[in-house]
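Here is how the chains run, residue by residue.
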Amino acid sequence: MTTSTPAFPAATILGYPRIGADRELKFALEDFWKDSSTDLPGVARSLRKSRTGTIKALGLEGTGAVPEDFSYYDQVLDILLTAGAVPERFAKEGEVLKDNVETPESPAVLEAQFTIARGEGDRAALEMTKWFDSNYHYLVPEIGPETRIEWTGSPRIGAIEALGEEARPVLVGPVTFLALSKPAESAPESYDPLERLDDLLDVYATYLEKLATAGAKWVQLDEPALVTDRHRTDQDRARLVELAEKAYAKLATDSAPRLAVALTYGHAFDAVDALARTNVGAVIIDTVRGKEPGEAELARWKDALAGRTLGVGVVSGRNIWRNPLDDSLAQLRRIKEGLGDDVQVSVTTSTSLFHVPIDATRETSLDPELVSWLAFADQKIQEVVTLATGLREGDAAIGGQLEEYRAAAESRRKNPGVRVDAVRQRTGSVSEADRTRGEYEARREAQAEALGLPVLPTTTIGSFPQTKEIRRTRAKFRRGELAEQDYIDAMRQEIKDTIERQEKIGLDVLVHGEPERNDMVQYFAEHFDGFAATEHGWVQSYGSRCTRPSILWGDVTRPAPVTVEWSAYAQSLTDHPVKGMLTGPVTIMAWSFVRDDVAPKEVADQLGLALREEISDLEEAGIPIIQVDEPAIRELLPLREEDREQYLSWAVGAFRLATSGAADKTSIHTHLCYSDFATIVDAVDRLGADVTSIEASRSRFKVLPALASHGYQRGLGPGVWDIHSARVPSEEEIEGLLDIAVRELDPRQVWVNPDCGLKTRAWEETTPSAEHLVSAAKKVREKLS
């Protein structure tokens, strides 16, 4: 097939949002989970067809120009299912997959898939963690020497048959799939899932053969593991590159569709060299988060890639700002000149566009000037088409688009909210003393006296279930259908009910439950200057979970207190200590679309100063514990070792700027989740929080030995209850985890809490789970005494 396959498209994207313009996939999934007779495959077919039509209408046409990357839940889970590589506890579901190879979208297969993803009863779900340095969460495969790996079918085959050769199947590459896997529980110590590469390649070879039969001319395989040394040493990364060369030497054959291998989320020029020694038809690089190739690289690739394609990811797949067309064209022309005429240069996005919303033109409630600065997925497709046209035909062919971009850039530069001199003066005057708090031992003694808590104090992370009634009340207030005082009264009643529930359950440290908050980041964005909120800017976080990131476009200030009234009211209802709940500067940045015109440190410090003011006001209102959540601090950790210290310096510095003004008797908590904490244990320590709660239940507390060996001395709350699954953990299960905690750490350090906030759970699950948590803590206290 190699010799007859049309050239790789001159303009394309690496993926497209799969949730639907109005979150059709989200609602269909949740309906299916309630009633498996829901026609979920019908919704999937409709979404595939509509998104393909949209992409083509925006200018991406031709063989292989339209990515087919739809997924019911997660792209890593898709490969796990295709390979039948299910953990032993889901053996029954594995048999369902094996028996339904020809019907991969049957209700039985879909139910099996979601059971593996979400867990059931005492069968814990797959661990979930962040996809490289993004806010998307993937499910972590569990691979051992005995894990079954064999072809088990894929719905993508039927999708390609329906969509035709313009569609380009997109798959997670085999090396990345195994590099992101963890050893199965039954695997020997130090087992490496990459040992199963040969078996997995047999599955991929079958997959490619079936895609070819279905009509696919090009197949995209994403190999972002080749750009990172986050999980491995440089030496091990080199091994990944070697394994990739071996893999694609086997997969890139004349009988398979032509392969395009995408190296996204960073740079890996050695991987380009290795892939060029195989028969892959195209290699795609990311020059947004990665580096632009220099003369030396281009000179090598000029011969090595002769007759093939270098895709240049020059349009960001991860931010929402318009592409700097002049700069991108100059970059593309340098690369094209360096490669000569024998290598085709294709214009692409840097990553899939599933990290961004679909269409900026729907944001009619935003300031039109701000909208003119934005590019969501549909606008990014237009930018790719524009750049490809300009590269091929010159500036005259895209003169109108260039002028439009230049006008928008000038408008953004001159807008008075973009730069506020008073804000810059404040950040410029921050000293190291502003980031330094008193000694921990003195703080611990002051807090112990002020709080009077037992060993193994119990608490939650912050939010409690957001019921339909809560959401309906907020929506009515937002639409002007509810008077402000009526809204306040309704929220106060919710807080009162939540406090009473917690007291009845027996928790030691309470929270107000956050009924007034739509989202932990957006809530602060709506109260700080420098932000804007979208109406339709949804992106997928995991499964059916979608978020609507705010847009941080200008210098940040806090016009008035944000959380003080709600926290003070909650504290007035109880004698138990109540935590004030804030979102930290790094997480606000990570879960917003952040401006790209100033250094991240400047943005982080502006947020740190705003939060410092909020903490001061909470203390004055009598709040004894203040939690500043930083679940995303690991998420933004650079993928290359050489870039990490600079990041940690400003990230840790902003947190300390926010919290270091607190009095010794004020207990500062933080929360981190979806992290391989062993990688950043030093950074966790450097934050200096009095208590850190972490996601830990799905990984079975694997972080604790690293923290213990590091000598971590402050309070720690390893999550004992996985709130991302609907299952209720038993009292015995939680007790077993706490036994591990008090064995690895000084019991006086240990706090007892769930993995994360309870916003997405129902009271029917929350109440018994919290009761089990409290009972288990009491039992372990008795053992200790």
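Residues numbered from 1 in each chain as written. Predicted model: local features only at pLDDT ≥ 70, side-chain atom pairs only at ≥ 80, totals over all residues. Heavy atoms only, no water.

Identification of the chain as 5-methyltetrahydropteroyltriglutamate--homocysteine S-methyltransferase from Corynebacterium otitidis ATCC 51513 is taken from an unreviewed UniProt entry. Quoted verbatim from the Pathway (unreviewed entry) field of UniProt, the annotation for the chain is "Amino-acid biosynthesis; L-methionine biosynthesis via de novo pathway; L-methionine from L-homocysteine (MetE route): step 1/1." As its UniProt record puts it under Function (unreviewed entry), the chain is described as follows: "Catalyzes the transfer of a methyl group from 5-methyltetrahydrofolate to homocysteine resulting in methionine formation." (UniProt positions renumbered as here; feature names shortened; annotations may be inferred.)

## Section: the overall build of the chain
For the chain, the count of helices and strands is 28 helices and 21 strands. Taken over C-alpha atoms, the radius of gyration comes to 26 Å for the chain, in line with the 28 Å a tight globule of 785 residues would show. Seen through its C-alpha atoms, the chain measures out along the principal axes to roughly 75 × 60 × 50 Å. The proportion of buried residues among the 785 residues of the chain is 62%. Considering only contacts in the chain between residues 6 or more positions apart, those separated by 24 or more positions represent 80%. Here the chain has roughly 28800 Å² of accessible surface; of this, 47% comes from carbon and sulfur atoms. (Helix = DSSP H or I, 4+ residues; strand = E, 2+ residues; numbered from the N terminus. Rg over C-alpha atoms; globule rule 2.2 N^0.38 Å. Buried < 20%, exposed > 50% of the residue type's maximum accessible area, 1.4 Å probe, protein only. Contact = heavy atoms within 4.5 Å. Areas by Shrake-Rupley, 256 points an atom, 1.4 Å probe, with all protein chains shown as cover.)

## Observations concerning the domain arrangement of the chain
Segmenting the chain into domains produces domain 1 (13–283), domain 2 (287–415) and domain 3 (439–518 + 563–784). When each unit is reduced to the centre of its C-alpha atoms, the spacing between domain 1 and domain 3 is 34 Å. Counting from both sides, the interface comprises 29 residues of domain 1 and, opposite them, 19 residues of domain 3. Between domain 1 and domain 3, roughly 2100 Å² of surface is buried when both sides are summed, and carbon and sulfur atoms account for 44% of that area. Our enumeration of links across domain 1 and domain 3 arrives at two salt bridges. (Domains from an automatic or database assignment. Buried area = accessible area lost by both parts, 1.4 Å probe. Salt bridge = Lys/Arg side-chain N within 4 Å of Asp/Glu carboxyl O.)

## Overview of the sheet that holds strand E12 (residues 529–532)
In space, the three strands of this open sheet follow the order E12-E15-E17, with mixed pairing throughout. Edge strands, defined here as strands with exactly one partner in the open sheet, are E12 and strand E17 (592–594). Direction aside, the axes of adjacent strands within the sheet are offset by 35 degrees on average. Here strand E15 (residues 550–557) runs beside E17; their pairing, made up of three bridges, is parallel. Residue pairing in the sheet places leucine 552 in a bridge with valine 594 of E17. Across the sheet, helix H23 (residues 600–620) touches E12, E15 and E17, and the angle it forms with E15 is around 70 degrees. (Pairing = 2+ DSSP bridges. Axes fitted to C-alpha atoms, helices over the stretch in contact; angles between N-to-C directions.)

## Regarding the packing of helix H27 (residues 731–744) against helix H28 (residues 763–784)
Between H27 and H28, the least distance of the axes is 8 Å, while the angle of their chain directions is 45 degrees. Between H27 and H28, the angle falls in the class oblique. Handedness of the crossing formed by H27 with H28: right-handed. Seen from H27, the contacting residues are Glu731, Ile734, Glu735, Leu738, Asp739 and Val742; seen from H28, they are Ser769, His772, Leu773, Ser775, Ala776, Ala777, Lys779, Val780, Lys783 and Leu784. For the contact of H27 with H28, the class distribution of residues is eight nonpolar, three polar and five charged. (Parallel < 35°, antiparallel > 145°, perpendicular 65-115°, else oblique. Left-handed = near helix turned anticlockwise from the far one by under 90°. Nonpolar A, V, L, I, M, F, W, Y, C, P; charged D, E, K, R; others polar.)

## Considerations on the pairing of strand E11 (residues 344–349)
Burial of E11 is extensive: five of the six residues sit out of reach of the surface. Sheet analysis places strand E10 (residues 309–315) next to E11, joined by six bridges and oriented parallel. The partner of valine 312 across the bridge, within E11, is valine 347. Handedness of the β-α-β unit built from E10, helix H12 (residues 325–339) and E11 comes out right-handed. (Right-handed = clockwise from strand over helix to strand, strands pointing away.)

## Concerning H12
Within an α-helix, residues lying three or four positions from one another point in the same direction, as the helix has 3.6 residues per turn. Along its 15 residues, H12 runs 21 Å from first to last C-alpha, staying within 8% of the 21 Å computed at 1.5 Å per residue. Among the residues making up H12, those that are buried are Leu325, Ser328, Leu329, Gln331, Leu332, Ile335 and Leu339. Buried residues in H12, looked at end-on, bunch into an arc of 160 degrees, giving them a common side. Seen from the open side of H12, the exposed residues pointing more than 90 degrees away from its buried face are Asp327 and Glu337. Against the buried residues of H12 lie helix H11 (295–304), E10, E11, helix H14 (377–393) and helix H15 (399–414). Just downstream of H12 lies glycine 340, where phi reads positive at about 80 degrees. (Expected span 1.5 Å × (residues − 1). Arc of directions from axis to C-beta.)

## Quick word on the pattern of salt bridges
One pass over the full model with this rule turns up 64 salt bridges. A salt bridge links arginine 48 to glutamate 68, with the shortest nitrogen-to-oxygen separation between them at 3.4 Å. Separated by 20 residues along the polypeptide, arginine 48 in helix H2 (residues 40–57) and glutamate 68 in strand E1 (residues 66–68) bring together distant segments of the chain. On the basis of relative accessible area, arginine 48 is assigned to the buried category, the value being 6%. For glutamate 68, a relative accessible area of 1% puts it in the buried group. Among the ionic contacts, a cluster of salt bridges with common partners joins Arg48, Arg51, Glu68, Asp69, Asp78, Glu105 and Arg156.

## Regarding the UniProt feature "binding site: Zn(2+)" (unreviewed entry) in the chain
Taking the UniProt record as the reference, the feature "binding site: Zn(2+)" (unreviewed entry) is found at His671, Cys673, Glu695 and Cys756. The annotated residues occupy 86 residues of the chain but converge on a single region, no pair of C-alpha atoms lying more than 8.3 Å apart. None of the other annotated residues line the largest cavity; only His671, Cys673 and Cys756 do. Of the residues examined, histidine 671 reaches a relative accessible area of 1% and is grouped as buried. Within the fold, cysteine 756 resides in the loop between H27 and H28. Sequence-distant contacts of cysteine 756, that is, excluding residues within four places in its chain, are made with Ile461, His671, Cys673, Ile723 and His724. (1 Å grid on protein atoms, 1.4 Å probe; cavity = no way out; pocket = protein on both sides within 12 Å on 5 of 7 lines; lining within 4 Å.)

## What to know about the sheet that holds strand E18 (residues 625–629)
Ordered in space as E16-E18-E19-E20-E21, the five strands form an open sheet in which the pairing is parallel. This sheet does not close on itself; its edge strands, each paired only once, are strand E16 (579–583) and strand E21 (715–718). Mean inter-strand twist for the sheet, computed between neighbouring axes without regard to direction, equals 20 degrees. Across four bridges, the pairing between strand E20 (residues 691–694) and E21 is parallel. Note on E21: the bridge partner recorded for valine 691 is glycine 715.

## Thoughts on the packing of aromatic side chains
Applying the stated criterion across every chain yields a total of 20 aromatic pairs. Plain terms: the ring middles of tryptophan 131 and phenylalanine 132 are 4.9 Å apart, the flat faces sit at 85 degrees to each other, and that makes the pair edge-to-face. The exposure class assigned to phenylalanine 132 is buried, which follows from its relative accessible area of 3%. Ring geometry for phenylalanine 524 against phenylalanine 528: centres 6.1 Å apart, planes inclined by 55 degrees, an arrangement best described as tilted. Residue classification places phenylalanine 524 among the buried positions, given a relative accessible area of 0%. Cluster of aromatic residues (ring-pair linked, three or more members): Phe32, Trp33, Tyr73 and Phe114. (Phe/Tyr/Trp six-rings, centres within 6.5 Å; stacked < 30°, edge-to-face > 60°.)

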